[in-house]
Amino acid sequence: MIDPAGLTGELRSLVVQLQDDLRVRADADGSVALVVSGEYARAKDAKRTALSESAWREGLLTQVAVGWVLTAVFVRFCEDNGLIPDAALSGPGERRAQAEGAQTVFLRGGAELGERDYLEHVFKQAADLPGLDQVLGKHNPVWMFGPSEDGARLILSTFRAEDDESGELVWDFTDPAWGTRFLGDLYQDLSEAAKKNFALLQTPDFVESFILDRT
């Protein structure tokens, strides 16, 4: 079952680590720096920002980090609840080993392939599924650029982590009711900076019910 409070705390830490990783990559990788500069120029031309590029970049790095983490959560939720038949990230029982096996087969496809390539492969496959195609469309910042190989391994290790005593997955997204409200809560709470800058707040239950009753 999902532990929303524990999951949020763990993934907030992961987002911070990915921000640091992306910052280093944006400084060192010319192709990533080019994407950042291009996005900044578009924002500047559209008068969507008055910040310097360095200050604006921090917000972009946060969006990209959150995008990678949330996309992994979406995929894990679908995997654990049988909406994706074969596990590619992880899952309870034998599905963790199944996902690791799928990754091993993928990496055998070329010496140049790494963990980031594997995650992008998994996300692209998920984006072809009904419903997820809306979540993982071109608007998703995950397609701008990704973390380093170390950052990608960190994502995989987080979602595959096992309890030392029980040997069971730390994060199990199985839910017979397929409740997804935790995703909205997670989205608004993953980054305090993003929450303030982009006004990320989930609609309260009573407002949601009021709207649905009158729709």
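Summarised in this report is the structure supplied together with it. Quick caveat, the model's predicted, so the values are computed rather than measured.

Time to look at the overall build of the protein chain. Tallying secondary structure elements over the protein chain gives 10 helices and zero strands in all. In the protein chain, the order of α-helices and β-strands from amino to carboxyl end is α-α-α-α-α-α-α-α-α-α. What you see for the protein chain is a C-alpha radius of gyration of 18 Å, in line with the 17 Å of a compact globule of 215 residues. Counting only C-alpha atoms and orienting by the principal axes, one finds that the protein chain spans roughly 55 × 50 × 35 Å. Evaluated residue by residue, the protein chain yields a buried proportion of 41% over its 215 residues. A separation threshold of at least 6 residues defines the contact pool for the protein chain, and within that pool the share at least 24 residues apart is 65%. Of the roughly 11,700 Å² of accessible surface on the protein chain, 54% is carried by carbon and sulfur atoms. Separation of charge centres in the protein chain, based on 21 positive and 36 negative side chains, amounts to 8 Å.

Attention shifts here to the pattern of salt bridges. In the structure shown here, the tally under the stated rule is 11 salt bridges. The salt bridge involving R42 is made with E39; its shortest N-O contact spans 2.9 Å. Residue R42 and its partner E39 are both found in helix α2 (residues 30–45); the two are separated by three residues, about one turn of the helix. A salt bridge links D150 to R153; the shortest N-O distance between them is 2.5 Å. Of the two residues, D150 and R153 are both situated in helix α7 (residues 149–160); the distance of three residues between them amounts to about one turn of the helix. Classification of D150 by relative accessible area gives exposed; the value is 53%. Among the residues examined, R153 registers a relative accessible area of 36% and is labelled partly exposed. Linked by salt bridges that have partners in common, D20, R23 and E58 make up one network.

Take the nonpolar core next. Counting 50 residues, the largest nonpolar core has L11 and F173 as its most contacted members. If you list the elements that add at least two residues to this core, you get α1 (4–28), α2, α3 (53–80), α5 (115–127), α7 and α8 (181–189). Once residues within four sequence positions are removed from consideration, L11 is found in contact with V69, V73, T158, F159, L186 and L190.

With 12 residues, α7 extends 16 Å between its outermost C-alpha atoms, agreeing within 8% with the 16 Å of an ideal straight helix rising 1.5 Å per residue. Among the residues of α7, G151, A152, I155, L156, T158, F159 and R160 are the ones counted as buried. Of the surrounding secondary structure, the elements contacted by the buried residues of α7 are α1, α3, α4 (95–107) and α5.

Our next topic: the packing of α1 against α8. Their axes nearest at 10 Å, the elements α1 and α8 cross at an angle of 35 degrees. Seen along the crossing, α1 lies across α8 with a hand that is right-handed. Counting all contacts with α1, which are made through P4, L7, T8, L11 and R12, the residues of α8 involved are F182, L186 and D189. Its residues placed into classes, the contact of α1 with α8 shows five nonpolar, one polar and two charged.

Here we come to unusual backbone geometry. Residue K47 is not a glycine yet carries a positive backbone phi of 60 degrees. Among the secondary structure elements, K47 is positioned in the loop between α2 and α3.

Here we come to the packing of α3 against α5. The interhelical angle for the contact between α3 and α5, taken along N-to-C directions, is 55 degrees, at an axis separation of 11 Å. Here α3 lies oblique to α5, going by the angle between them. Every pair of crossing elements has a handedness; the one defined by α3 and α5 is left-handed. Facing α3, whose interface residues are W68, T71, A72 and V75, α5 presents R116, L119, E120, V122, F123 and A126. A class-by-class count of the residues in the contact of α3 with α5 yields seven nonpolar, one polar and two charged.

It is worth spelling out α1 at this point. An α-helical turn contains 3.6 residues, so a residue and the one three or four places further along point in the same direction. If you check α1, its first and last C-alpha atoms are 35 Å apart, about what 25 residues at 1.5 Å a residue would give, namely 36 Å. Of all the positions in α1, only L7, T8, L11, L14, V15, L18, Q19, D21, L22, R25 and A26 are classed as buried. Elements in contact with the buried residues of α1: α2, α3, α5, α7 and α8.

About the criteria used
- Residues numbered from 1 in each chain as written.
- Predicted model: local features only at pLDDT ≥ 70, side-chain atom pairs only at ≥ 80, totals over all residues.
- Heavy atoms only, no water.
- Helix = DSSP H or I, 4+ residues; strand = E, 2+ residues; numbered from the N terminus.
- Rg over C-alpha atoms; globule rule 2.2 N^0.38 Å.
- Buried < 20%, exposed > 50% of the residue type's maximum accessible area, 1.4 Å probe, protein only.
- Contact = heavy atoms within 4.5 Å.
- Areas by Shrake-Rupley, 256 points an atom, 1.4 Å probe, with all protein chains shown as cover.
- Lys, Arg positive; Asp, Glu negative; His and termini not counted.
- Charge placed at Lys NZ, Arg CZ, Asp CG, Glu CD.
- Salt bridge = Lys/Arg side-chain N within 4 Å of Asp/Glu carboxyl O.
- Core = buried A, V, L, I, M, F, W, Y, C linked by side-chain atoms within 4.5 Å.
- Expected span 1.5 Å × (residues − 1).
- Axes fitted to C-alpha atoms, helices over the stretch in contact; angles between N-to-C directions.
- Left-handed = near helix turned anticlockwise from the far one by under 90°.
- Nonpolar A, V, L, I, M, F, W, Y, C, P; charged D, E, K, R; others polar.
- Parallel < 35°, antiparallel > 145°, perpendicular 65-115°, else oblique.

All we've got here are geometric facts, nothing functional implied.
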